[in-house]
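Reading the structure
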Amino acid sequence: MAYESAVEKAIREAVERGEFDDLPGKGRPLTGLSDTSEDWWVRRYVRREGVPSDALLPVGLQLRKELERLPETVRDLPSERAVREVVAELNGRVVDYVRTPRGPVLPLRRADPEDVVARWRAARSGGPDLR
């Protein structure tokens, strides 16, 4: 007689009692079995939960993308003070990363608040784009 673990025994007994007979999806093939990559479950989770793919990037790359998108991020803010607060918060996270990098080490620079504010003003006034 072969060894039967407690889990296997519980499953066998449940099958004998018919507890799995009326489950939804019974008789239909399992989906997603064709994906054989190691991270299939991560991609499926990200898709199912609507997690932005940037959330999976290393911190340095996330910060670099935020720095690149900063003009778009502050474009609709109502005041110069709000723009400066967003820049200060992002710069604080950049400084934290530079002090104790996590993941691959990437060179990052803090955003220049004066430059960001000047671009914000120009965008609001319809002036020349300062790219």
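For the structure, see preceding data.
Concerning the packing of helix H4 (residues 80-99) against helix H5 (residues 113-125)
One way to put it is that H4 packs onto H5 with a least axis distance of 10 Å and a crossing angle of 140°. Between H4 and H5, the interaxial angle falls into the category oblique. Note on packing geometry: the crossing formed by H4 with H5 is right-handed. When H4 is examined against H5, the residues Glu-80, Val-83, Arg-84, Val-87 and Asn-91 are found in contact with a partner set consisting of Pro-113, Glu-114, Val-116, Val-117, Trp-120 and Arg-121. Per-class residue counts for the contact of H4 with H5 are 6 nonpolar, 1 polar and 4 charged.

A word on the side chain of Asn-91
Note on placement: Asn-91 falls in helix H4. Owing to a relative accessible area of 10%, Asn-91 belongs among the buried residues under this scheme. Residues in contact with Asn-91, not counting those within four places in the same chain, are Arg-110, Ala-111 and Pro-113.

Basis of the calculations
- Residues numbered from 1 in each chain as written.
- Predicted model: local features only at pLDDT ≥ 70, side-chain atom pairs only at ≥ 80, totals over all residues.
- Heavy atoms only, no water.
- Axes fitted to C-alpha atoms, helices over the stretch in contact; angles between N-to-C directions.
- Helix = DSSP H or I, 4+ residues; strand = E, 2+ residues; numbered from the N terminus.
- Parallel < 35°, antiparallel > 145°, perpendicular 65-115°, else oblique.
- Left-handed = near helix turned anticlockwise from the far one by under 90°.
- Contact = heavy atoms within 4.5 Å.
- Nonpolar A, V, L, I, M, F, W, Y, C, P; charged D, E, K, R; others polar.
- Buried < 20%, exposed > 50% of the residue type's maximum accessible area, 1.4 Å probe, protein only.

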